[in-house]
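Understanding the architecture of this molecule
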Amino acid sequence: MKKVDVAILGAGAAGMFCAIEAARRGRRVLVIDHAKAAGEKIRISGGGRCNFTNTGVAVDRFLSRNPRFALSALKRFTAWDFIARVDEAGIAWHEKSLGQLFCDGPSTQIVDMLLRQMNDAGVELWLNTSIESVGQGYRIATARGVVEADSVVVATGGKSIPKMGATGFGYQIAAQFGLSVTETRPALVPMTFAEQELSSIKPLSGLAVDAVATTGARFEEPVLFTHRGLSGPAILQASSYWREGETLTLDLAPARDITAHLRALRQTEPRIALRTALNRIMPEKLARFLESRCGEVPAIGALSNGAIDRIESVIHALVLKPVGTEGYRTAEVTLGGVDTDALDARTMQAKNVEGLYFIGEVVDVTGWLGGYNFQWAWSSGWAAGQYC
């Protein structure tokens, strides 16, 4: 039987970062993961460039039953602290829109940095190793034998992207030790529509436009039309707030004064169709789609002021009703998780179970799109690494 000070279940962003911090304190650390490679979500993130953090990290950009829970870890290990680690490793990066930071090169640079630091700190890594059970006294039965640990850190992630091996195992461990788990659901995920709605959206498949999506929160970012419904940053963001049965409102021309545009054309080109008028300021496919949503519309010259106002409302406040999302198959993260009421915000340790910690996505803390979830992984992993 192998004995260690800390057994970390999961070799993702949070687990690896926690391992580094704990080992640097002199702890004997073992990281166990059933995957063939460490940091797979890091590798595929950001289109292969890894959106590793965001300069605008704030607690109001995280969803949780207790949104302020994340504040302690985020304040003690900030985005700038992780940026310093990236700079120290010689990894070049750049900022895109909205404070999002990406590697100039491949995302594997971040994985390699973490693996190198784990190795330098003396962390032992078991990959391709299934975990069968976690017993009392922290006896962990694995495919490579039994491990006994003083502390266990659960960094198994959520249910998103099951083809990469994601499961609800971390939630099972929480329940086993008496911790409650909030409702879990796919987040940062494309939305789908019933066939009646989809029939009008399908011709726009592949078109991306700047827009504002509103459903519980408001996001001004690109929207992508797909053969199944809607995607793109604004939709992924909105999906974390949307619930079944609710509507989605889109402003498909957020920077345009449609009323002024149509009234001007009513005077100068009264014979043109609405789609032609709209095509002057947006792609033709979108112009035709919006014309169809306005019903029977005469030539521009015959439009009353009231009719123009109604067209404006369709374009700036188009109401759609999704029937669902693409689910965990394509969701970037899982919303919900181990209830934060059961955890110490400073240490990430279970309040009533000494030596048991939960970090990263498995916890009921879910960030916005744009590097927030990676920062939660670094911050929560760092926090647990100081104590486990």
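Described below are features of the structure shown in this document. Since this is a predicted model, take the numbers as computed values, not measurements.

1. Brief notes about the overall build of the protein
Check the secondary structure of the protein and you find 13 helices and 21 strands. The principal-axis extents of the C-alpha atoms in the protein amount to approximately 85 × 40 × 35 Å. Here the protein holds 388 residues, and 55% of them are scored as buried. Considering only residue pairs separated by 6 or more positions, the protein has 73% of its internal contacts joining residues 24 or more positions apart. In the form shown here, the protein has an accessible surface area of approximately 16200 Å², with 48% of it arising from carbon and sulfur atoms. Looking at charge distribution, the protein has the averaged site of its 41 positive side-chain charges lying 2 Å from that of its 40 negative ones.

2. Some details on the environment of Glu 244
Turning to its location among the elements, Glu 244 is positioned in the loop between helix H8 (233-239) and strand S16 (248-251). A C-alpha to C-alpha distance of 9.2 Å links Glu 244 and Thr 325, two positions 81 residues apart in sequence. Looking at Glu 244, its side chain comes within polar contact range of the side chain of Arg 185, at 3.1 Å.

3. Side note on the sheet that holds strand S15 (residues 229-231)
Across the sheet, which stays open at both edges, the seven strands sit in the order S17-S16-S13-S14-S15-S12-S18 with antiparallel pairing between neighbours. The strands lining the two open edges of the sheet, one partner per strand, are strand S17 (318-320) and strand S18 (324-325). Bridging between S16 and S17 involves three bridges; their strand directions are antiparallel. Across the sheet, residue Thr 249 finds its bridge partner in S17, namely Val 319. Against the sheet, helix H11 (residues 284-293) contacts strand S13 (208-214), strand S14 (218-225) and S17, and its axis sits at roughly 80° relative to S17. Where helix H12 (residues 305-316) meets the sheet, it contacts S16 and S17, and its direction lies at approximately 110° from that of S16.

4. Some words on helix H1 (residues 13-24)
Over its twelve residues, H1 extends 17 Å from the first C-alpha to the last, a length consistent with the 16 Å expected when each residue adds 1.5 Å. In terms of burial, H1 is largely enclosed, as eleven of its twelve residues are buried. Positioned one or two residues after H1, Gly 26 has a phi angle of 95°, which is positive.

5. Brief notes about the packing of aromatic side chains
Under the definition given, this model contains 14 aromatic pairs. Each member of the aromatic cluster is reached from another via a ring pair, and the members are Phe 17, Phe 52, Phe 77, Phe 82, Phe 374, Trp 378 and Trp 382. Over the face of the ring belonging to Phe 102 we find Lys 96, whose NZ or CZ atom lies 4.5 Å from the ring centre.

6. Topic: the pattern of salt bridges
Pairing of side chains with opposite charge becomes possible as their charged atoms draw close. Evaluated as defined, the whole model comprises 19 salt bridges. Each of Lys 3, Arg 139 and Glu 148 takes part in a single network of salt bridges with overlapping partners.

7. Quick word on unusual backbone geometry
In this structure, Cys 50 takes a positive phi of about 60° despite not being glycine. Of note, Cys 50 is situated in the loop between helix H2 (40-44) and strand S3 (51-54). Under the relative-accessibility criterion, Cys 50 is labelled buried at 0%. In the Ramachandran plot, Leu 98 falls in the positive-phi region, its phi being about 60° despite a non-glycine side chain.

8. Digging into the sheet that holds S3
What the three strands build is an open sheet, ordered S3-S6-S5; its pairing is antiparallel. At either margin of the open sheet sits one strand with a lone partner, and together these are S3 and strand S5 (93-95). Across the sheet, the mean angle from the axis of one strand to that of its neighbour is 30°, orientation sign disregarded. Sheet analysis places S5 next to strand S6 (residues 100-103), joined by three bridges and oriented antiparallel.

Parameters and conventions
Residues numbered from 1 in each chain as written. Predicted model: local features only at pLDDT ≥ 70, side-chain atom pairs only at ≥ 80, totals over all residues. Heavy atoms only, no water. Helix = DSSP H or I, 4+ residues; strand = E, 2+ residues; numbered from the N terminus. Buried < 20%, exposed > 50% of the residue type's maximum accessible area, 1.4 Å probe, protein only. Contact = heavy atoms within 4.5 Å. Areas by Shrake-Rupley, 256 points an atom, 1.4 Å probe, with all protein chains shown as cover. Lys, Arg positive; Asp, Glu negative; His and termini not counted. Charge placed at Lys NZ, Arg CZ, Asp CG, Glu CD. Polar contact = N/O pair within 3.5 Å; in protein donor to acceptor, adjacent residues only side chain to side chain. Pairing = 2+ DSSP bridges. Axes fitted to C-alpha atoms, helices over the stretch in contact; angles between N-to-C directions. Expected span 1.5 Å × (residues − 1). Phe/Tyr/Trp six-rings, centres within 6.5 Å; stacked < 30°, edge-to-face > 60°. Lys NZ or Arg CZ within 6 Å of the ring centre and 35° of its normal. Salt bridge = Lys/Arg side-chain N within 4 Å of Asp/Glu carboxyl O.

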